[in-house]
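The lines below spell out each chain.
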Amino acid sequence: MEFGWSDHEEAFRSRVEEALARCLPPDWSRSATSVGGSQASPESNAVARALAADGLLVCSWPPEFGGEGASRWEQLILAEVMWRHGEPRGPQYMNVNWIGPAIMQFGTEEQKRELLLPMARGGVIWCQGFSEPDAGSDLAALRTRADRDGDDYVINGQKIWTSYAGDAQYCFLLARTDPEAARRRGISVLVVPMDTPGVEVRRIPSLVGGHAFHQVDFVDARVPTSVRLGEENEGWTIVRSALANERVGLPRYIRASLVLDGVAGWARERGLLTETWVQARLGEARAACEAARLLVYRAADDQAKGRGASAFAYVARVAVVDAERAVADASVDVMGAHGLVLGSLADGQMRNSMGGGIASGTYEVQLNLIASELLGLPRG
Amino acid sequence: MDFDLTETEQAVRDGIRAVLDRHAGVDRAREVEARSGYDAELEAALWDAGYLHMAHDPDAGMVAATMLVEEVAAAAGSVPIGTLALVLPALGLDDLRGPVAIARPDSDAPVRYASLPGHVLLVDDDEVAVHEMAPGAVVDSLWGYPFGRLVPGPCVLVLDGAGPSALAWWRLAVAAEIVGAAGAGLALTIDHLNHRMQFGRPLGALQSLQHRLAALRVRIEGSRWLTYRAAWEGAPDESVLVATAQAVGAGRTAVRELHQMSGAMGLTDEYDLHLWTTRIFSLAAELGGPPVLQQALARARWEVR
């Protein structure tokens, strides 16, 4: 066992910190503790382009696609630094973490040429067309159809909760291309330009940040079959692989820890930090944050060693949600009604934690997976 | 970062398990419990095999010693393994053998092993005083250990300035013992739920139980790595308090949940679960319970005086 960073990793962290100090605009408005860790902002494209120029945006990609083959640990360090500064890449972390890698693995040469370069330059936003009104945790129940019509697909259906859809140029869309096939067998991945006629985006106001939720309607939206990623009806395989990368675990414990430090500072200014009940609440949340950090590292270690997605990825996600909730609960307790003010630490953390247990696979689904894969209990 | 055991750590763990297979386990724990509650043979076997000297071995060190604490607790070994494997080596007290109790000097609460003849480490914020101990008054308790009231005899040694370090390793020892015992109790309970048929299916197929078991596993797993990390770092205050606060919280939940899921059978002496849960419950009370540790953590983290 070894719980320290290597000199090389420390140097990489410094390099990212220094690059970010250069890249962030002087009036960078998002703090690490804002709601919705990865919102699109007017500045995020500029930051992503500047990081790209520094070689850091897609440093985890192989050199042939503009990266430097950075290790799993370097990716995690990069993500920690980004979250420390309010994730200035905005939604582009998705391109880097899983959409780009999925295109590298399953795309045609033409798709790689056309789609990967703009991502590597930091100039493009994608959204993820997965969830539907009747297909949430049960993703395979999705009903959006893409019917063959000569060399085209005609898409009809509805996606929902789609983050960044209002800003995105592309949608990584899951659609049913064989309505007769069994649930998981008839699904394909289509790369749909968001300016395709028949694609309509409507923002859904919510508690979790202005840009978080959208509904995307597809009404006879026509795309050439060349936008399909991988084989027809093989989309489930691609999604499984992509989600394994997505579930790597964003370092949300970084933000939770920073919120907690902020609340401790707030309590100190008001003379509350000497109260034993305040100390106990904050200490409990601090321990949860550190447990989450180590369990994310534990899962990353499996990935770094090429063992693929292990059940410890689910353990890590549960621990991260636990930590976010513990920090939210402690913050609300300590700040009381001051936490009702929009943008206050407790307000932001409460709303973040409400989404944390739902996005990219619910808390309960993670618990199911731990029960069957790690504890050997019967599948429900 | 590397979460795999090194070759040495792997060899040590295998070796420890071999010793524990012969000298510990639930049957042995019952035998010892029926007598003094202290397993001198197990202690001797661990000394003879060299496992209580590991802390000073540069290849093994405090991480391996922490692993030993966890393994002995998982095997329901009846020795103060945390004190023997972590606290004594950290203080350089390599010659002390036999029952060793550890307590705050002003403690009037029951102390583990204080009913037996041996030594006691009295740890205050500054120093550690080692006293001989005449057997103190036995305290009646069902909670897993021989408990006594502290009756320190003559002081044989005072270690100036060693208090903070002793307290840190004591806390870490408690965390490691809870992690080991809770892991073993969880494994027993999962096995039970996989075989216990009710309503025509194993109880373990019920999602209400699965979610609670999974959540408990997450808490134990987090405590385990926090404990190893704190040992690897040499037991700095904040890191130790994070591990101990988390482990004590997880331990409390484990006692409650594992007994609930084991039904009336789980409350019997005949069933093994209590061999771990009663000890977890005692360990979780020894340092004052979750709020006390959480407060101490907050004071360390945010430098509150």
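Because the structure is predicted, anything quoted here is derived from the model rather than measured.

### A look at the overall build of chain A
Across its full length, chain A carries eleven helices and eight strands. Against the compact-globule benchmark of 21 Å for 380 residues, chain A has a radius of gyration of 21 Å, which places it among compact chains. Principal-axis analysis of the C-alpha atoms places the extent of chain A at approximately 70 × 45 × 40 Å. Counting across all 380 residues of chain A, residues that qualify as buried make up 50%. Taking all contacts inside chain A whose residues are at least 6 apart in sequence as the whole, residues at least 24 apart take part in 72%.

### Observations regarding the overall build of chain B
For chain B, the count of helices and strands is ten helices and nine strands. Relative to the compact-globule value of 19 Å for 305 residues, chain B shows a C-alpha radius of gyration of 19 Å, a close match. Reported as C-alpha extents along the three principal axes, the dimensions of chain B are approximately 65 × 45 × 40 Å. Buried positions account for 55% of the 305 residues belonging to chain B. Taking contacts inside chain B between residues at least 6 apart in sequence as the whole, the part at least 24 apart equals 67%.

### A closer look at the interface of chain B and chain A
Taken residue by residue, the interface counts 40 residues in chain B and 36 residues in chain A. Contributions of two or more residues to the side of chain B that touches chain A are made by helix 6 (163-195), helix 7 (207-232), helix 8 (237-262) and helix 10 (289-301) of chain B. Looking at which element gives the most residues to the side of chain B that touches chain A, the answer is helix 7 of chain B, with 15 residues. Class assignment of the residues belonging to the side of chain B that touches chain A gives a composition of 22 nonpolar, ten polar and eight charged.

### A word on the sheet that holds strand 2 (residues 111-112) of chain B
Here we have three strands laid out as an open sheet, ordered 2-6-5 (chain B), and antiparallel in their pairing. Of all strands in the sheet, those bounded by a partner on one side alone are strand 2 and strand 5 (138-139) of chain B.

### Notes on the nonpolar core
Membership of the largest hydrophobic core comes to 226 residues, with the highest contact counts inside it found for V263(A), A323(A), L68(B), L172(B) and I178(B). For L172(B), the residues in contact, after removing those within four places along its chain, are T66(B), L86(B), T227(B), A230(B), A231(B), A235(B), V240(B), A243(B) and T244(B).

### A look at the pairing of strand 1 (residues 100-103) of chain B
A regular strand places its side chains on the two faces of the sheet in alternate fashion. All names here are of chain B. A two-sided burial pattern is seen for strand 1, the buried positions comprising V100 and I102 on one face and A101 and A103 on the other. By the bridge criterion, four bridges tie strand 1 to strand 3 (residues 118-123) in an arrangement that is parallel. From the neighbouring strand, A103 faces strand 3, where its bridge partner is L122.

### Some remarks on the packing of helix 7 of chain B against helix 8 of chain B
A pair of packed helices is captured by two measures, namely the crossing angle of their axes and the spacing between those axes. Residues and elements named next belong to chain B. Running from N to C, helix 7 and helix 8 point in directions that differ by 155 degrees, and their axes come no closer than 8 Å. It follows that helix 7 is roughly antiparallel to helix 8 by the angle criterion. The interaxial crossing formed by helix 7 with helix 8 has left-handed handedness. Counting all contacts with helix 7, which are made through L209, R212, L216, R219, I220, G222, S223, L226, T227, R229 and A230, the residues of helix 8 involved are S239, V240, V242, A243, Q246, A247, A250, T253, A254, E257 and M261.

### Let's talk about the packing of helix 7 (residues 252-269) of chain A against helix 9 (residues 312-335) of chain A
All names here are of chain A. Running from N to C, helix 7 and helix 9 point in directions that differ by 15 degrees, and their axes come no closer than 9 Å. Comparing the axis directions of helix 7 and helix 9 gives the class roughly parallel. Seen along the crossing, helix 7 lies across helix 9 with a hand that is left-handed. Note on element contacts: helix 9 touches helix 7 through V320, A323, E324, V327, A330, S331, V334 and M335, opposite R252, Y253, A256, V259, L260, V263, W266 and A267. When grouped by side-chain class, the residues that make up the contact of helix 7 with helix 9 number 13 nonpolar, one polar and two charged.

### Focus on the sheet that holds strand 4 (residues 128-133) of chain B
Residues and elements named next belong to chain B. Read across the sheet, four strands follow the order 1-3-4-7 without closing on themselves; strand pairing throughout is mixed. The sheet is open, and its two borders are formed by strand 1 and strand 7 (152-159), each paired with just one other strand. Here the average twist between neighbouring strands, direction ignored, is 25 degrees. Each of strand 1, strand 3, strand 4 and strand 7 is contacted by helix 5 (residues 81-91), which is oriented at about 70 degrees to strand 1, the strand it contacts most. Across the face of the sheet, helix 6 comes into contact with strand 1, strand 3 and strand 4 while running at roughly 110 degrees to strand 3.

### Points about unusual backbone geometry
All names here are of chain B. Positioned with a positive phi, A76 is a non-glycine residue whose angle comes to about 55 degrees. Tracing the chain through its elements places A76 in the loop between helix 4 (61-74) and helix 5. Residue Y113 is not a glycine yet carries a positive backbone phi of 70 degrees. The topology assignment puts Y113 in the loop between strand 2 and strand 3.

### Considering the pairing of strand 3 of chain B
Residues and elements named next belong to chain B. Counting buried residues in strand 3 gives six out of six residues, a clear majority hidden from the surface. Pairing of strand 3 with strand 4, which is carried by six bridges, proceeds in the antiparallel orientation. Within strand 4, the residue paired with L121 across the bridge is V130. Connecting the antiparallel pair strand 3 and strand 4 is a turn made up of four residues.

### Quick word on the confidence of the model for chain B
Predicted confidence across chain B gives a mean pLDDT of 96, with 100% of residues reaching 70 or more. What the predictor reports for the complex is a pTM of 0.95 with an ipTM of 0.96.

### Here we look at helix 3 (residues 40-48) of chain B
Taken together, the buried positions of helix 3 of chain B are occupied by L42(B), E43(B) and L46(B). Seen from one end, helix 3 of chain B has its buried residues packed into an arc of 100 degrees, which puts them on one side.

### Describing helix 8 (residues 276-304) of chain A
The terminal C-alpha atoms of helix 8 of chain A, which comprises 29 residues, lie 41 Å apart, in line with the 42 Å expected from a rise of 1.5 Å per residue. Positive backbone phi, approximately 70 degrees, marks G306(A), located one or two places after helix 8 of chain A.

Reading the values: rules and limits
Residues numbered from 1 in each chain as written. Chains lettered and ligands numbered in written order. Predicted model: local features only at pLDDT ≥ 70, side-chain atom pairs only at ≥ 80, totals over all residues. Helix = DSSP H or I, 4+ residues; strand = E, 2+ residues; numbered from the N terminus. Rg over C-alpha atoms; globule rule 2.2 N^0.38 Å. Buried ≥ 20, exposed ≤ 12 C-beta atoms within 10 Å, placed from the backbone. Contact = placed C-beta atoms within 7 Å. Nonpolar A, V, L, I, M, F, W, Y, C, P; charged D, E, K, R; others polar. Pairing = 2+ DSSP bridges. Core = buried A, V, L, I, M, F, W, Y, C linked by C-beta atoms within 7 Å. Axes fitted to C-alpha atoms, helices over the stretch in contact; angles between N-to-C directions. Parallel < 35°, antiparallel > 145°, perpendicular 65-115°, else oblique. Left-handed = near helix turned anticlockwise from the far one by under 90°. pLDDT = per-residue confidence, 0-100. Arc of directions from axis to C-beta. Expected span 1.5 Å × (residues − 1).

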